[in-house]
Amino acid sequence: MKIMRVEKTLVSTNRLAELGHKGLLVVQEKVGGARQVAVDAIGCVPGDWVICVGSSAAREAAGSKEYPSDLTIVGIIDRWNGE
Amino acid sequence: MKIMRVEKTLVSTNRLAELGHKGLLVVQEKVGGARQVAVDAIGCVPGDWVICVGSSAAREAAGSKEYPSDLTIVGIIDRWNGE
Amino acid sequence: MKIMRVEKTLVSTNRLAELGHKGLLVVQEKVGGARQVAVDAIGCVPGDWVICVGSSAAREAAGSKEYPSDLTIVGIIDRWNGE
Amino acid sequence: MKIMRVEKTLVSTNRLAELGHKGLLVVQEKVGGARQVAVDAIGCVPGDWVICVGSSAAREAAGSKEYPSDLTIVGIIDRWNGE
Amino acid sequence: MKIMRVEKTLVSTNRLAELGHKGLLVVQEKVGGARQVAVDAIGCVPGDWVICVGSSAAREAAGSKEYPSDLTIVGIIDRWNGE
C-alpha cells in the first residue's frame, strides 16, 4: 500500500453511475508531488496522511467487487511527518 | 485513478472484436507527456481533463468483465487547470 | 493501453505449455526504448504500431482467462508517427 | 516479487474493518528509499529483508480473497546484504 | 512480459506455506540492474535470459490461482544478448 496525503475533494459531475456518491479525493505521495485520485472508504479531511490500496484489492475495499476503483483509502495514519 | 487529458481519437481498423465500437482515446498525464490509450465510458471531447481507472477495475468500468481494457475513463473533472 | 512498436519475433523453445503456439513479439514504447514481450492476438509484422493491453485484461484478450499473458496486442493503429 | 527491508510498524487506529488485526509494516526497497506499507503474513521484525508479493496475489497471501492488500510479506530472506 | 536474466537462487526458510517447494530466483532486467524475485515454472539456471509474466497471470502460471506469485518465469529465450 502507498502512503499518501489528502489534498482536496475532486468534483466530477459527469461520471460513471457505478462510482455512486462516494467521495473522490486528490492525493499525493508527498507535498508538491504527482496527483492521483483515491476513493475515500474511511472519511478523511485534507492534510490527513493515509494508507491507499491499489490493484484489484481497491475494488472490494471501496465497497464491492464491481466498484470501479484502482486506489482506495483504507486507513488514516496516526502520526506521519511526510518524511 | 489517474488524472489525464484527452488529446484525440485513436483509429484502429484492425482490432480485437471484443473492443467493439467503443471510442479509444489518446490521453496524457500532462500536455506534452507520454501518451496512453483509454476506453471512453463517458463521452469525452479533446481537451477534457478526465479520471482514468486502471488495473482490473478498467474492464468492468468499460462495460463487462470480459472487456479488454486496462485504462477506462470513468468521469470528467469539472474544473482542472493541468496543475 | 500502451502504444508500442513491434520490433521482431521472440523465439522461446523451452516454454510453458499454456503459452501454446501464439506468437510472442518484442515490442518497444519507442524506437530504441526498453523491450517487453507481448502476445500477438491480431497478426502483426515488425514496424507496426500497436495497442497493447496489460493487467488482468491481457489474459482474456489472449484467448482465455487461463492464458499466462500480462501484455497482449489488441489492435494495430492505422496511422502513427512514433511521436 | 520485490525484495524489501522492514523499517517499522505503522499505526493506523482509524482503518477499514477488513484489515483486522494483522500487522502493517513500513518497508523500503533500500535503506533511505521510498516507503510503502506491507501486510505481515509471516512475523517480521525491523531490519529483516523480506519477499513482498503485490498485484492480486497479495490478497490471498494475506489470508483471504477479500483481504484489502496489494503488498504482502510472504517470506524472510535468509541472507541479504542490501546489495 | 518482461525480459529478465536469472542471477541466482534465493533462500527463504521462513516463508508462507503456499509457496511450497518451487524455486525462487533473483532476476534482473539487465546485468547490474534492480533485483526482483520470480517463481521458476520452467527450470532455469543462472545466466538464462527468460520471459517473466506479472500481474494476476503470474499466479496461474506458477501452478494454481491460489499461488502467491506476481512474477513467474514462463519461458527461456533461445538467444538474447542482453541488448
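Here's what I pulled together on the structure shown here. Since the structure is predicted, the reported quantities are computational estimates derived from the model, not experimental observations. (Residues numbered from 1 in each chain as written. Chains lettered and ligands numbered in written order. Predicted model: local features only at pLDDT ≥ 70, side-chain atom pairs only at ≥ 80, totals over all residues. Heavy atoms only, no water.)

Here's the deal with the overall build of chain A
For chain A, the helix and strand inventory stands at one helix and six strands. Taken from N to C terminus, the helices and strands of chain A fall in the order β-β-β-β-β-α-β. Taken over C-alpha atoms, the radius of gyration comes to 12 Å for chain A, in line with the 12 Å a tight globule of 83 residues would show. Counting across all 83 residues of chain A, residues that qualify as buried make up 54%. Here the analysis covers contacts within chain A between residues at least 6 apart in sequence; of these, 51% occur between residues at least 24 apart. Summing over all exposed atoms, chain A offers an accessible surface of approximately 3500 Å²; the carbon and sulfur share of this is 47%. (Helix = DSSP H or I, 4+ residues; strand = E, 2+ residues; numbered from the N terminus. Rg over C-alpha atoms; globule rule 2.2 N^0.38 Å. Buried < 20%, exposed > 50% of the residue type's maximum accessible area, 1.4 Å probe, protein only. Contact = heavy atoms within 4.5 Å. Areas by Shrake-Rupley, 256 points an atom, 1.4 Å probe, with all protein chains shown as cover.)

Things to note about the interface of chain D and chain E
Accessible area lost on assembly of the parts is the figure often given for the size of an interface. The interface is formed by 21 residues belonging to chain D together with 25 residues belonging to chain E. Counting the surface lost from both chain D and chain E, the interface buries some 1800 Å², and carbon and sulfur atoms represent 57% of this. Broken down residue by residue, the surface that chain D buries against chain E is led by D:Met1, D:Val74 and D:Asp78, which jointly contribute 31%. Our enumeration of links across chain D and chain E arrives at zero salt bridges. Seen at the junction of chain D and chain E, the total is nine residue pairs in polar contact (both at pLDDT 80 or more). Where the side of chain D that touches chain E is concerned, the elements lending two or more residues are β5 (49-54), α1 (57-61) and β6 (71-76) of chain D. With four residues, β5(D) is the single largest residue contributor to the side of chain D that touches chain E. Of the residues assigned to the side of chain D that touches chain E, the class counts are 13 nonpolar, four polar and four charged. (Buried area = accessible area lost by both parts, 1.4 Å probe. Salt bridge = Lys/Arg side-chain N within 4 Å of Asp/Glu carboxyl O. Polar contact = N/O pair within 3.5 Å; in protein donor to acceptor, adjacent residues only side chain to side chain. Nonpolar A, V, L, I, M, F, W, Y, C, P; charged D, E, K, R; others polar.)

Describing the relation of the copies chain D and chain A
Superposition record for chain D on chain A: RMSD 0.0 Å, screw rotation 72°, translation along axis 0.0 Å. Both copies of the chain, as the preceding transformation shows, are related through a five-fold rotation axis. A low fraction, 8%, of the interface residues of chain D reappear at the interface in chain A, so the copies pair through non-equivalent surfaces. (Least-squares fit on C-alpha atoms with pLDDT ≥ 70 in both.)

Description of the interface of chain D and chain A
With 25 residues of chain D in contact, the opposing surface of chain A contributes 21 residues. Both sides together, the interface formed by chain D and chain A hides about 1800 Å², and carbon and sulfur atoms give 57% of it. Taken as a group, D:Leu16, D:Arg35 and D:Asp70 account for 28% of the area that chain D buries against chain A, more than any other trio of residues on that side. Viewed at the interface, chain A and chain D are joined by zero salt bridges. On the surface where chain D and chain A come into contact, there are nine residue pairs in polar contact (both at pLDDT 80 or more). Broken down by element, the side of chain D that touches chain A gets its largest block of residues, five residues, from strand β4 (residues 35-40) of chain D. Along the lines of polarity and charge, the residues of the side of chain D that touches chain A split into twelve nonpolar, seven polar and six charged. Where strand β6 (residues 71-76) of chain A lies against strand β2 (residues 14-15) of chain D, two bridges are found, and the strand directions are antiparallel. What sits directly across from A:Ile76, in β2(D), is D:Asn14. (Pairing = 2+ DSSP bridges.)

What about the relation of the copies chain D and chain E?
Placing chain D over chain E gives an RMSD of 0.0 Å and needs a rotation angle of 72°, together with 0.0 Å of translation along the axis. The share of interface residues of chain D whose copies in chain E are also at the interface is only 10%, consistent with the copies meeting through different surfaces.

Quick look at the arrangement of the chains
The two units chain B and chain D are non-contacting; their minimal C-alpha-C-alpha distance is 9 Å. Left apart from each other, chain A and chain E have a closest C-alpha approach of 9 Å.

So, the pattern of salt bridges
Residues and elements named next belong to chain A. Tallied over the entire structure, the rule returns ten salt bridges over all chains. Between Glu-7 and Arg-35 there is a salt bridge, and its shortest N-O distance comes to 2.9 Å. Pair noted here: Glu-7 is in strand β1 (residues 2-9) and Arg-35 is in strand β4 (residues 35-40), with a separation of 28 residues, a long-range link.

Structural notes on the environment of D:Val53
By the element assignment, D:Val53 lies in strand β5. Overall, D:Val53 belongs to the buried group, its relative accessible area being 0%. The spatial distance from the C-alpha of D:Val53 to the C-alpha of D:Gly33 is 18 Å, given a sequence separation of 20 residues. Ignoring anything within four residues of it in the chain, the contact list for D:Val53 reads D:Met1, D:Ala58, D:Ala61, D:Asp70, D:Leu71, D:Thr72, D:Val74, E:Pro68, E:Ser69 and E:Asp70.

Some thoughts on the layout of surface pockets
In this model, the second largest pocket occupies a volume close to 290 Å³. Taken together, 17 residues make up the lining of the second largest pocket; nearest its centre are A:Ile3, A:Glu29, A:Lys30, D:Ala34 and D:Arg35. Residues of the lining of the second largest pocket, tallied by class, amount to six nonpolar, four polar and seven charged. (1 Å grid on protein atoms, 1.4 Å probe; cavity = no way out; pocket = protein on both sides within 12 Å on 5 of 7 lines; lining within 4 Å. Points joined across faces, edges and corners; volume = space filled by probe spheres on them.)

Thoughts on unusual backbone geometry
As a rule of thumb, non-glycine residues mostly have phi less than zero, and peptide bonds are mostly trans rather than cis. For A:Ser55, which is not glycine, the phi torsion reads 55° and is therefore positive. Inspection of the secondary structure puts A:Ser55 in the loop between β5 (49-54) and α1 (57-61).

Some remarks on the pairing of β1(A)
Sheet analysis places β1(A) next to β5(A), joined by four bridges and oriented antiparallel. Bridge pairing in β5(A) places A:Arg5 opposite A:Trp49.

Focus on the side chain of A:Arg59
On the secondary structure map, A:Arg59 appears in helix α1. One buried charge, A:Arg59, has no salt-bridge partner; the nearest side chain with opposite charge is B:Glu60, at 6.0 Å. Beyond its immediate chain neighbours, meaning those up to four positions away, A:Arg59 contacts A:Ser64, A:Lys65, A:Tyr67, A:Ser69, B:Ser56 and B:Ala57. (Lys, Arg positive; Asp, Glu negative; His and termini not counted.)

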